Amino acid sequence: MPNWGHGEIVNLSKDKSCLRFFISPSQTRDFEVRFEDLTDPIIPMQSTCFWFEDENITWGRVDHCTNEGVFPRKYYVKPANRVICQMGEDEFHLRGYCENPDVLRLLSHLETETPFFFENRSELIQILAEQKQLAGGMNALAGSRILLYNHQLNVCEQVLKDHRVRYLLADEVGLGKTIETGMILNQLLADDGSLSATIFVPETLVEQWEDEIRNRFHLSGRRVKILDHSSLSTSSRVDIVVIDEAHRLRKEDLFDAAKRICSRATSLLLLTATPVVRSSSDLFWLLHLLEPEIYPSTEEAIFMNRFERRREIGKFLRSLQAANISFTIKRTLGRVTELLENDSIATSFTEGIEALSDDELKSRQDQLIRHISETYRIHRRMQRTRRKWIVDDVPHAIRSTRLDLIEDIVINDQENNGLWEGLDAWRIEIQRLASEHEDLIDLYFQLASSIAGTNLQLKTALTKLEAHPTSREDSIKHEVQKLRGLVSTRNYEPIEESVIEIVEQTPQGKKIVVFCSDQDARNGLSKLLEEKNINAFSLDHCDSFKDVIDDFRDSNDLAVLLCNSRSEEGLNLQFAHRFIHFDLPINPMRIEQRIGRVDRVVHSEKFSTRIILSSEEEDLPVDWAWFCLLKEGFGIFQESVSDIPFLLNDITREFRSYVFENGPYSIDDEYLQNIKKRVSSRREDNEDQDIIDGLRSLNDQSEDSIISSFQKLESKSEEFQKALGKFAHSHLKLRFTPQDERRGEGAFVLK
């Protein structure tokens, strides 16, 4: 027998009964039903009921049964706009579901429910409708547990209004690519309930992504899977694909597997911070994953050539846009044949310009601007935000407002000073053989890193030097032997002891993160901290990064987290108070990524960075020279360098050669001032290139409608809460139970 709801027995025979179902108060249907098909369940709470009083219909709702084991049962019933009363189940009627009621008949007989329920829900429905309108088709964003920033809303709007969602999200480090991804995913899955998504991330970030996606966006594991990068090789077709730290794919030998998955996906998001797209080649292959038809694998050289010319083309485009009278427009157009001589479309815009009217000339100008923007932009599907664009919205986006830099020097360390002198003597002696041995620069910097490291690192590097073919020559062998003698006199760990001293000077309850590239050094630090009864947490060989980081964060005592090179990307450590660089890798992008673990848009608190340098002398130590370049040349501790990755990589290569040839003391004020000028000039070039890409500061744009709408939406949050509470309390008979009073969170439960 189908489930027709509750009926009333009106007649009994030997083995059957006649059941009457109320379709409406004035419409009934009778059916004969076998006894074995009947049940007598308790009427569910909140069931709508009605009864007749002097031929008038009274509506109410069943509250609860008062005597389940006695027949006829009695229920508390709440009539509309009246006090709750007790009634027998034979005193009221329930609607059945055997057929749909005649709506016109209901209305003609005024057989409608009391306006009490309509009034309770109408306010909520009105606010929900307004909320949907203000969200501009992105309703799911309003239901996420996140603090929305304007630049994130802009990215989401650009992506979601595109009928084909295939984008590279390349915001600078710490600006919230994970949040943008979650918002986009939330909306795509809300729009189509049949879709599913898979997020591929580095193994170290799986748990962090799980926490963000499940708790902030309430996306279940049934619809969104989070797997590590290696799963790309075994995954089948996925509707929506997200790949975090996508620049790693070629290095991890997973590019072909990713290409197979990406080509089948209906939507694709690739995430990478600007600084780790280290070359135009890296960028090309990411764009190839997005649009293989536009960026075929055979055209890498063409792309790289076009990319290299973007700076001069950007300058030209800026001057073309600025031209506002006929003379300057003609003069600017005249440069096209020289600058873009192989671009036949561009050069065609210069033909016959002398005979054109002012309006025709302006039309040519606009057409050429559009052509250059479309032809020479990196890609319209790349979304990136720079920190300097969002200062009005996020004042703490500029690093210098929050980072306190403290340099720590190993004082009066004669052994270290002697080692630096010995290394420089070897460097000078080896110069005549440098052209024959390309690996000498690498060996030199490995030795330099070991002097600014542990004794084990130093002995390992020296053993490698002794085995090098150049060490067989007497003069060079002599310098190597002098170094060996100096190494044997350094019988303690100056850098490790400096770290322990900094930690012991830190107040209780504070959190310290130590970045250290060397495994043995981390082991030594861990042992020393344990001896000092200081809580030490290590990300080496742990089963769960998340568990270790959670324990570190929640510790009430002074705590230290030891991070390896794998943990320099992606982890959120903004709750820490102090960062210590045990070493300074000769790679500015690694330093940028380290700082990015705490320098995040959601974190406005100040934090300190401690740099440990190996000697008080400033002429011979290579780590001093590199630190000066980072601080004074690149300005990496004052502001993000995510916008100039290609230049910094070029300068770093030059620095290595320059220091090897001329010594660390050659990094003087004149050298650093020259680097500062190159950095400033490149940033000006970037502004020109941003014009090609159609990118510009948010501060220069007129108020975006989606930003304005969400601000209005946010201002109405209290109205929504009140309307929802009123509806839940009066209509659904629920009450609000606080669960986290500090955050205003709770749940609605039955009264």
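Every value quoted in this text rests on a predicted model; they were computed, and no experiment measured them.

Novice: How do you make sense of the overall build of the protein when you look at a structure like this?
Specialist: Along its length, the protein carries 27 helices and 22 strands. Per-residue burial for the protein yields a buried fraction of 50% across its 751 residues. Taking the intrachain contacts of the protein between residues at least 6 apart in sequence as the baseline, contacts between residues at least 24 apart amount to 70%. When the accessible area of the protein is evaluated, it comes to approximately 36300 Å², of which 47% is carbon and sulfur surface.

Novice: Sorry, what's going on with the nonpolar core here?
Specialist: Here is a general trend for soluble globular proteins: nonpolar side chains tend to be buried in one another's company. In terms of nonpolar packing, the biggest core is built from 106 residues, with Trp426, Leu561 and Phe634 touching the most fellow members. Ranked by residue count, the leading element in this core is helix α23 (residues 622-634), at 8 residues. For Trp426, the contacting residues outside a window of four places in its chain are Leu440, Leu443, Tyr444, Leu447, Leu465, Ile476, Glu479, Val480 and Leu483. Phe200, Cys262, Leu270 and Phe307 belong to the second-largest nonpolar core, a separate cluster that totals 29 residues.

Novice: Is there a simple way to think about the packing of aromatic side chains in this case?
Specialist: Enumeration over the complete set of coordinates arrives at 24 aromatic pairs. Look at Trp4 and Phe21: their rings are 5.7 Å apart centre to centre, the planes differ by 90°, and that puts the pair in the edge-to-face class. One end of the pair, Trp4, is in the segment before β1 (8-12); the other, Phe21, is in strand β2 (residues 16-24), and 17 residues separate them in sequence. Assessed through its relative accessible area of 1%, Phe21 is described here as buried. Summarising the aromatic geometry, the rings of Tyr295 and Phe303 are spaced 5.7 Å apart at their centres and angled 80° between planes, so their arrangement reads as edge-to-face. Take Phe303: its relative accessible area is 8%, and that puts it in the buried class.

Novice: Would you mind going over the pattern of salt bridges with me for this structure?
Specialist: Should their charged atoms come close, side chains of opposite charge can pair. Per the stated rule, a full pass over the model turns up 32 salt bridges. Among the salt bridges present, the one from Lys362 reaches Asp366, with a minimum N-O distance of 3.0 Å. Of this pair, Lys362 and Asp366 both sit in helix α14 (residues 358-376), 4 residues apart, roughly one helical turn. Relative accessible area serves as the criterion here: at 40%, Lys362 is assigned to the partly exposed category. By relative accessible area, which is 28% here, Asp366 ends up partly exposed. One salt bridge connects Arg484 with Glu466, and the closest N-O pair in it is separated by 2.8 Å. Of this pair, Arg484 sits in helix α18 (residues 474-489) while Glu466 sits in helix α17 (residues 455-466), placing them 18 residues apart in sequence. For Arg484, a relative accessible area of 29% gives the class partly exposed.

Novice: Is there a simple way to think about the sheet that holds strand β19 (residues 578-581) in this case?
Specialist: Two strands in a sheet stick together by hydrogen bonds in their backbones, pointing the same way (parallel) or opposite ways (antiparallel). In space, the 6 strands of this open sheet follow the order β15-β20-β19-β16-β18-β17, with parallel pairing throughout. Each having just a single partner strand, β15 (403-409) and β17 (535-538) make up the two edges of the open sheet. Averaged over all adjacent pairs, the angle separating strand axes in this sheet is 20°, with direction ignored. Note that strand β16 (residues 511-515) and β19 share 4 bridges and pair parallel. Residue Ile512 lies in a different strand from β19, and its bridge partner there is Arg578. Sheet strands in contact with helix α19 (residues 494-504) are β15, β16, β18 (559-563), β19 and β20 (607-613), and its direction is about 155° off that of β20. Its contacts with the sheet place helix α21 (residues 545-554) against β16, β17 and β18, and it is angled at close to 150° to β18.

Novice: Would you mind showing me how to read the sheet that holds strand β10 (residues 197-201) here?
Specialist: Pairing in this open sheet of 6 strands is parallel, and the strands run β11-β10-β12-β13-β9-β14 from one edge to the other. The open sheet has two edge strands with one neighbour each: β11 (224-228) and β14 (382-383). Note: strand β12 (residues 240-243) against strand β13 (residues 267-271), 4 bridges, orientation parallel. Across the sheet, residue Val241 finds its bridge partner in β13, namely Leu268. Against the sheet, helix α6 (residues 206-217) contacts β10, β11 and β13, and its axis sits at roughly 165° relative to β11. Across the sheet, helix α7 (residues 255-264) lies against β9 (166-169), β10, β12 and β13, angled at about 145° from β12, the strand it touches most.

Novice: Looking at this model, I keep getting lost on the pairing of β13. Mind explaining?
Specialist: On any regular strand, side chains alternate: one points to one face of the sheet, the next to the other face. The element β13 is extensively covered by neighbouring structure, given that 5 of its 5 residues are classed as buried. Neither face of β13 is open: one carries Ser267, Leu269 and Leu271, the other Leu268 and Leu270, and all of them are buried. As judged from the 4 bridges shared by β9 and β13, these two strands associate in the parallel manner. Note that in β13 the partner of Tyr167 across the bridge is Leu269. Following the backbone out of β12, through α7 and into the adjacent parallel β13, one traces a crossover that is right-handed.

Novice: Explanation requested: a negative patch on the surface in the structure shown.
Specialist: Together, Glu421, Glu616, Glu617, Glu618 and Asp619 make up a negatively charged patch on the protein surface. Considering the arrangement of structural elements, one finds Glu421 in helix α15 (residues 414-430).

Novice: Even after reading the chapter, I still don't get the packing of α15 against helix α16 (residues 440-451), so can you show me in this structure?
Specialist: Packed helices, taken two at a time, are described by the angle their axes make and the gap between the axes. For the pair α15 and α16, interaxial distance at closest approach is 10 Å and the crossing angle is 175°. Classed by the angle they form, the pair α15 and α16 counts as roughly antiparallel. Seen from α15, the contacting residues are Asn416, Leu419, Trp420, Leu423, Trp426, Arg427 and Ile430; seen from α16, they are Leu440, Leu443, Tyr444, Leu447, Ala448 and Ile451. Here the residues of the contact of α15 with α16 are counted per class, giving 11 nonpolar, 1 polar and 1 charged.

Novice: I tried to follow the environment of His371 on my own but got confused; where do I start?
Specialist: Relative to the elements of secondary structure, His371 occurs in helix α14. Residue His371 is classed as buried on the basis of its relative accessible area, which comes to 14%. Other than its neighbours up to four places away in sequence, His371 contacts Asp343, Ile345, Ala346 and Phe349.

Novice: For this particular structure, what's the right way to read the confidence of the model for the protein?
Specialist: The predicted coordinates of low-pLDDT regions are not to be read in fine detail. Per-residue confidence for the protein gives a mean pLDDT of 84, with 90% of residues at or over 70. Looking over the protein, one finds the lowest element-wise mean pLDDT in strand β22 (residues 745-750), namely 61, and the highest in β12, namely 96.

Novice: Sorry, what's going on with a nonpolar patch on the surface here?
Specialist: Taken together, Ile9, Leu12 and Phe35 make up a surface patch of nonpolar side chains, about 300 Å² in accessible area. Position of Leu12 among the secondary structure elements: in strand β1.

Novice: Even after reading the chapter, I still don't get unusual backbone geometry, so can you show me in this structure?
Specialist: Leaving glycine aside, a negative phi is the common case for residues, and trans is the common case for peptide bonds. Looking along the chain, the bond that leaves Phe71 and enters Pro72 is cis, with omega of -10°. Following the sequence through the fold, Pro72 ends up in the loop between β5 (56-65) and β6 (74-79). One non-glycine residue with positive phi stands out, namely Glu245, at about 50°. As for its placement among the helices and strands, Glu245 is situated in the loop between β12 and α7. When its relative accessible area of 8% is taken as the criterion, Glu245 is described as buried. The backbone phi angle of Asn533 is positive, close to 60°, even though this residue is not glycine.

Here is what the cut-offs are and how they apply
- Residues numbered from 1 in each chain as written.
- Predicted model: local features only at pLDDT ≥ 70, side-chain atom pairs only at ≥ 80, totals over all residues.
- Heavy atoms only, no water.
- Helix = DSSP H or I, 4+ residues; strand = E, 2+ residues; numbered from the N terminus.
- Buried < 20%, exposed > 50% of the residue type's maximum accessible area, 1.4 Å probe, protein only.
- Contact = heavy atoms within 4.5 Å.
- Areas by Shrake-Rupley, 256 points an atom, 1.4 Å probe, with all protein chains shown as cover.
- Core = buried A, V, L, I, M, F, W, Y, C linked by side-chain atoms within 4.5 Å.
- Phe/Tyr/Trp six-rings, centres within 6.5 Å; stacked < 30°, edge-to-face > 60°.
- Salt bridge = Lys/Arg side-chain N within 4 Å of Asp/Glu carboxyl O.
- Pairing = 2+ DSSP bridges.
- Axes fitted to C-alpha atoms, helices over the stretch in contact; angles between N-to-C directions.
- Right-handed = clockwise from strand over helix to strand, strands pointing away.
- Patch = residues over 30% accessible without salt bridge, like charges linked within 9 Å, V, L, I, M, F, W, Y side chains within 5 Å.
- Lys, Arg positive; Asp, Glu negative; His and termini not counted.
- Charge placed at Lys NZ, Arg CZ, Asp CG, Glu CD.
- Parallel < 35°, antiparallel > 145°, perpendicular 65-115°, else oblique.
- Nonpolar A, V, L, I, M, F, W, Y, C, P; charged D, E, K, R; others polar.
- pLDDT = per-residue confidence, 0-100.

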